[in-house]
Amino acid sequence: MHTVFALATARGKAGVAIIRISGPEAMQIGTTLCGSLPKAGQHAVRTVRNSDKSVLDQPLVLFFSGPNSFTGEDVVELHLHGSVAVIRAVEQAILATGLAREAEAGEFTKRALLNDRLDLAQVEGLGDLVEAETEAQRQQAQRVFSGALSVKMGDLRDRGIRAAALLTATIDFADEEVPVDVSPEVESLLTGIISDLTSEIAGSHVAERVRDGFEIAILGAPNAGKSTLLNALAGREIAITSDIAGTTRDVIEARLDIDGLAVTFLDTAGLRETEDEVEQIGVTRALERALAADLRVLLATDGFQLPDALEGKVDLSYAAKSDLTGAGGVSGLTGDGLDVMISDISAILADRVAQVKTAISARQRGGMQRAVAEFERALAIVRGSGEVEIAAEHVQDGLRALDSVIGRVDVENILGEIFSRFCIGK
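Residues numbered from 1 in each chain as written. Predicted model: local features only at pLDDT ≥ 70, side-chain atom pairs only at ≥ 80, totals over all residues. Heavy atoms only, no water.

Turning our attention to the environment of Gly303. Checked against the element boundaries, Gly303 lands in the loop between β12 (295-300) and β13 (316-319). Taking the relative accessible area as the measure of exposure, Gly303 reaches 79% and is therefore exposed. (Helix = DSSP H or I, 4+ residues; strand = E, 2+ residues; numbered from the N terminus. Buried < 20%, exposed > 50% of the residue type's maximum accessible area, 1.4 Å probe, protein only.)

What follows is the structure in structure tokens.
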């Protein structure tokens, strides 16, 4: 592979900026710029000079010898003073050696994958870790990056291999007397694998919401105090409030952190029949977003009739404008009841998050769904016709589907999509 380099920290002024160099010429480039490098795994201060020997900076220099590095290659890191001018000068000095090119987006992590330092699931976990904004997102990403999904898939794969071996033994000794009927054990193995995968698949849907954020729609009649409530939750004026009914026409969003979970509250148009064409568009959008939301909170007022489409789909309901009615409920104006509402929302989301296992993406879920389909076909044959050759083939197909989850097979067509989310220095 070509040697590549990139700024691994954000561009702009900072106390420290890290330039990472990885590849077969990394040591030579480091020696050219610094005169000498510290021993592998150690660090030292060196003077970086350009081709005319003028001083560019005095950074902390680290050297990692492959394969004991993040990428599995020789890696040199220059921890420079983080001025724009210093960064630019050192990058130009590296290019001037003619030994390296600038890295592409995610190329360091891609090399870690190709050099077996990470598997595909860990790569996705690392991508989510870089993007994490809340504690729940960090914990979930860290769990996958540390290899939890890989361990889980490895366990399922071992059990699948055992089932395939038992079926193959039956085929190999078809003309001889097999001392033990393998069907009960095969059935037990496949049933357990399918159960575990089904649980993982269900949890992956919630894991995606943890990563992308839950949506909570605030519903109610016009002038029920929805926009005032949104402003109170956000702690700033992001929605127009007025005594005039029908002020909110479009969906207004506010993204918050609730007990470590990313949550987007949606202020929607008041739900009512109207002749106003523009307001009707707003009501239609409110219904669409409410039905698609993860949670629906109703601010109830006297005489309000919930649209048929939302019957039985409201998760939480509170009396609106409790500051005026005096009844227990919520008020965005005074803050009454907000702590109770937040606590109720947090409890519901916590119950859902408890379903999360180790799978976190649609790609991983797709591989597991394919595996379940193949194992179910094999199980049906074992329980029915007993055509072990066909059952064994379905088990093998299921194993290949499991392998795709962590990138042992069929990865080339998805690498571009995954690595496009990474920054250049990662």
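Between its first and last C-alpha, helix α2 (residues 84-96) extends 18 Å over 13 residues, near the 18 Å set by a 1.5 Å rise per residue. Every buried residue of α2 is listed here: Val86, Ile87, Val90, Glu91, Ala93 and Ile94. The buried residues of α2 occupy an angular sector of 160° when the element is viewed end-on, so they sit on one face. In the segment just after α2, Gly98 is the residue with positive phi, at about 70°. (Expected span 1.5 Å × (residues − 1). Arc of directions from axis to C-beta.)

So, about the sheet that holds strand β6 (residues 60-64). Strand order in the open sheet formed by six strands is β3-β6-β7-β2-β1-β8, and the pairing between neighbours is mixed. Of all the strands in the sheet, the pair left with one neighbour each is β3 (43-45) and β8 (100-102). Put simply, the sheet's adjacent strands are angled 25° from each other on average, direction ignored. When β6 meets strand β7 (residues 75-82), the two strands line up antiparallel, connected through five bridges. Bridge pairing in β7 links Leu60 to His79. Packing against the sheet, helix α3 (residues 107-114) makes contact with β1 (3-7), β2 (14-22) and β8, and its axis sits at approximately 135° to β1. (Pairing = 2+ DSSP bridges. Axes fitted to C-alpha atoms, helices over the stretch in contact; angles between N-to-C directions. Contact = heavy atoms within 4.5 Å.)

Turning to the sheet that holds strand β10 (residues 252-258), a few remarks are in order. Strand order across the open sheet formed by five strands is β10-β11-β9-β12-β13, with mixed pairing between neighbours. Of all strands in the sheet, those with a lone pairing partner are β10 and β13, marking the two edges. Neighbouring strand axes in the sheet, compared pairwise and without regard to direction, differ in orientation by 25° on average. Looking at chain direction, β12 and β13 are connected through four bridges and run parallel. Counted as the bridge partner of Val297 is Leu316 from β13. Along the sheet, helix α7 (residues 183-212) contacts β9 (214-220), β10 and β11 (261-267); its crossing angle with β9, the most-contacted strand, is approximately 80°.

What follows is about the pairing of β10. Pairing between β10 and β11: seven bridges, direction antiparallel. Its bridge partner being in β11, Ala254 is matched across the sheet by Phe265.

Burial runs high along β12: five of the six residues are buried. Alignment of β9 against β12, held across five bridges, turns out to be parallel. By the bridge assignment, Ile218 is partnered in β12 with Val297.

Across the chain, the average pLDDT comes to 86, with 90% of residues at 70 or higher. Low pLDDT, under 50, characterises residues 410-414; the stretch is placed with three contacts to residues that sit more than four places away or in other chains. (pLDDT = per-residue confidence, 0-100.)

Oppositely charged side chains may form a pair once their charged atoms are brought near each other. Summed over the entire model, instances satisfying the criterion amount to 26 salt bridges. Notably, a salt bridge pairs Glu73 with Arg111, separated by 3.1 Å at the nearest N-O pair. Within this pair, whereas Glu73 is found in the loop between β6 and β7, its partner Arg111 is found in helix α3, the two being separated by 38 residues in sequence. Each member of the pair, Glu73 together with Arg111, is buried. Of the charged contacts in the structure, one is a salt bridge between Arg352 and Asp315, with a shortest N-O distance of 3.8 Å. Here Arg352 is found in helix α11 (residues 338-353), whereas its partner Asp315 is found in the loop between β12 and β13, with 37 residues between them in sequence. (Salt bridge = Lys/Arg side-chain N within 4 Å of Asp/Glu carboxyl O.)

With their axes 8 Å apart at the nearest point, helix α12 (residues 362-383) and helix α13 (residues 388-406) run at an angle of 165° to one another. Judged on the interaxial angle alone, α13 and α12 are roughly antiparallel. Where α12 crosses over α13, the two elements pack in a sense that is left-handed. Facing Arg363, Gln364, Gly367, Met368, Arg370, Ala371, Glu374, Phe375, Arg377, Ala378, Ile381 and Val382 of α12, the residues of α13 in contact are Ile390, Ala391, His394, Val395, Asp397, Gly398, Leu399, Ala401, Leu402, Ser404 and Val405. In terms of residue class, the contact of α12 with α13 is built from 13 nonpolar, five polar and five charged. (Parallel < 35°, antiparallel > 145°, perpendicular 65-115°, else oblique. Left-handed = near helix turned anticlockwise from the far one by under 90°. Nonpolar A, V, L, I, M, F, W, Y, C, P; charged D, E, K, R; others polar.)

A cis amide bond links Gly66 to the next residue, Pro67, at an omega of 5°. Structurally, Pro67 can be placed in the loop between β6 and β7. Even without glycine at this site, Lys53 takes up a positive phi of about 70°. Position of Lys53 relative to the elements: it lies in the loop between β4 (48-49) and β5 (55-57). A residue is classified by how much of its surface remains accessible, and Lys53, at 57% relative accessible area, is exposed. Not every positive phi belongs to a glycine, and Lys321 is a case in point at roughly 50°. For Lys321, the position within the fold is in the loop between β13 and α10 (322-325).

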